[in-house]
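Okay, here's what each chain looks like letter by letter:
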Amino acid sequence: MELTGILFLVVVLVAFIVFIFGLVKGFSGWGVFYTITLSFLFLFSLGFLYASAIVAQRRVGWVRIDYLAKKKIADLEKQVTRLKFGDPNQTSSDLNSLLGLANELSRVALERGSVWRNAEFVDGGKQLDTIKLKLSPKEAAPDLPADVPAPKADASVNGDLPSETLVYAFGEGVGPDSRIVPTFYLGEYFVAESQGGTATLRPVSPLLPVQVKAIASGQYPRWTVFKNMPIDSHVAYAETGSKRTNEAEFGRMDRKVLAELLQISEDLLDRDPAQLTAEEARQRRLLNSYVLDGGRAPENEAPENIWNRVEFLVEHTIEVDVDEKGGRKATDGGYFDFSGRAIDARLKRKDGEGKVKFNKGQQALFAFKPSKELIDQNVVKLIEPVFVRRINDYTFGFKETRDQITDAIQDAAMIQREIDQTKTTNDRVQQQVVFRQTERQLLDKDQAQYEKELGVIKAEVGRFEQLIKDTNAELSRLYRATQQNYERLVQMQQAIYRSATSSP
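If you're wondering where the values come from, they're calculated on a predicted model, not measured in any experiment.

Asker: What's the story with unusual backbone geometry in this structure? I'm lost.
Answerer: Excluding glycine, a negative phi dihedral is what most residues carry, and trans is how most peptide bonds are arranged. Phi at E164 takes a positive value of approximately 55 degrees, unusual for a residue other than glycine. Within the secondary structure layout, E164 lies in the loop between β2 (131-134) and β3 (166-174). Non-glycine residue N300 carries a positive phi angle of around 60 degrees. In this fold, N300 is placed in the loop between α6 (278-291) and β7 (306-312). Under the relative-accessibility criterion, N300 is labelled exposed at 79%.

Asker: I'm lost on the side chain of E172 in this one. Help?
Answerer: When you line up the elements, E172 lands in strand β3. No salt bridge is formed by the buried E172. Its closest oppositely charged neighbour is R117, at 5.8 Å. Side chain to side chain, E172 and T224 meet in a polar contact 2.6 Å long.

Asker: Help me understand a nonpolar patch on the surface, please; the structure alone is not making it clear to me.
Answerer: A grouping of L3, I6, L7, V10, V14 and V18 is seen on the molecular surface, where their side chains present a nonpolar patch of about 550 Å² in accessible area. In this fold, L3 is placed in helix α1 (residues 3-26). Residue classification places L3 among the exposed positions, given a relative accessible area of 61%.

Asker: For this particular structure, what's the right way to read the packing of aromatic side chains?
Answerer: The description of two aromatic rings rests on the distance between their centres and on the angle between their planes. In this structure the tally under the stated criterion is 12 aromatic pairs. Ring plane angle 90 degrees and centroid distance 5.6 Å describe the contact between F170 and F226, whose orientation is recorded as edge-to-face. One end of the pair, F170, is in strand β3; the other, F226, is in strand β6 (residues 222-226), and 56 residues separate them in sequence. Note on F170: relative accessible area 9%, which makes it buried. Classification of F226 as buried rests on a relative accessible area of 6%. Arranged with centres 5.0 Å apart and planes meeting at 70 degrees, the rings of Y237 and Y290 form a pair that is edge-to-face. Taken together, the residues span a long stretch of sequence, with Y237 in the loop between β6 and α5 (255-262) and Y290 in helix α6 at a distance of 53 residues.

Asker: Looking at this structure, how should I read the sheet that holds strand β4 (residues 180-195)?
Answerer: For sheets, the rule is that strands pair by backbone hydrogen bonds, running either parallel or antiparallel. One closed barrel accounts for 6 strands, arranged β1-β2-β5-β4-β3-β6; its pairing is antiparallel. Ignoring strand direction, the axes of neighbouring strands in this sheet form an average angle of 50 degrees. Strand direction decides the pairing type here: β3 and β4, joined by 9 bridges, are antiparallel. The residue of β4 that forms the bridge with V174 is I180.

Calculation rules
- Residues numbered from 1 in each chain as written.
- Predicted model: local features only at pLDDT ≥ 70, side-chain atom pairs only at ≥ 80, totals over all residues.
- Heavy atoms only, no water.
- Helix = DSSP H or I, 4+ residues; strand = E, 2+ residues; numbered from the N terminus.
- Buried < 20%, exposed > 50% of the residue type's maximum accessible area, 1.4 Å probe, protein only.
- Lys, Arg positive; Asp, Glu negative; His and termini not counted.
- Salt bridge = Lys/Arg side-chain N within 4 Å of Asp/Glu carboxyl O.
- Polar contact = N/O pair within 3.5 Å; in protein donor to acceptor, adjacent residues only side chain to side chain.
- Patch = residues over 30% accessible without salt bridge, like charges linked within 9 Å, V, L, I, M, F, W, Y side chains within 5 Å.
- Areas by Shrake-Rupley, 256 points an atom, 1.4 Å probe, with all protein chains shown as cover.
- Phe/Tyr/Trp six-rings, centres within 6.5 Å; stacked < 30°, edge-to-face > 60°.
- Pairing = 2+ DSSP bridges.
- Axes fitted to C-alpha atoms, helices over the stretch in contact; angles between N-to-C directions.

Next comes the structure, spelled out in structure tokens:
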């Protein structure tokens, strides 16, 4: 028992003794019955006072609890209202409210299109020319308050895969946050048949070797099928819950998560670029473009990757919509004209003015070329350059990459064939070289014998030449002697003739 209770009992006991003593002394004529009855009445009065005090004490406590609970309920109601509809003190809509997020989710789901997750790969045929998938049961719609619009079920949950449509398939894997997400592109397919929860798909174009290997190896037993190719976004790669700031225009980029998501080593960002191979340098540029997205642009960055944050020096008005009555739709001629003004009526400003007014001192983010024109006109001043990654068009990007890979494979096959032909030709040349070397050795031997024989022949030629000279000399001597004898013979004949003619 506490000290207060003990003191209270002592006080009650002392008061009761004093009360009995007063009764005995003051009312000596009363009997025992009256004295005992009055004593109990005194005790009951004290007990009633004690019980009343306890009740009053507990009532004060419960009243306090009730007050705090009502205050907490009021705060929670305000918080629920703020979470649903945003801060009522803000003039602009709060995109972080439940309604804003639900509308944003509906917009994202609408842009993304229908998607079928957790589809089981059943069979791919011998040549993977026919793919059979078993679709998962239709998912239940999310539990949302009655006054919050739910996203369209056709764009966010599984269902029947419509026949005679083009779809894009991805293999499912574990993402950086341990969730099952699409991780590997398996190609574009045509839905030939879909019934009873089973869909038959046919590749629109021949699958790449890496896709055939991924499917045939059973590495991706579960597929995600998109009706529309996923859309690239800056904010999609920002850290969850991060907010836009001047240092991070699209939210904070986590280099570790991005490296894991892109399957690129994070160490490449810290290594010396001069020591990287060509492939490592390409991977480093790719990862760095995602890490720097929305941050300050590095020095000597290409203008197509730069947006400038500027501050207006004077009031300035920019026309953003094409002045056409009634407006046009995208199918009538595109979303924007050549100057970037909106043509589609759905993209035009609701006020109908088609212009945006910037006040002096107001900051804004512009692309490099128009911001440079405003800077040259002294309308704005440069605050800082911001690196903005170029958005990928995956619909054409995968096709272009596939064509490049196909061309590279064909070029590699052609080069390999040329290499094989070059090797065959080289082997033949080597055989010819060996044959010619053997032939040269034989020719060298023949040449030695030839030179030997040539020496003998030259010697004989010299001997014969000398013999010819001697013979010619002898013939010349004999010719001169014969000539002299002929002349003497002629003279003798003339002398004989003269002597014969002169005699009688």
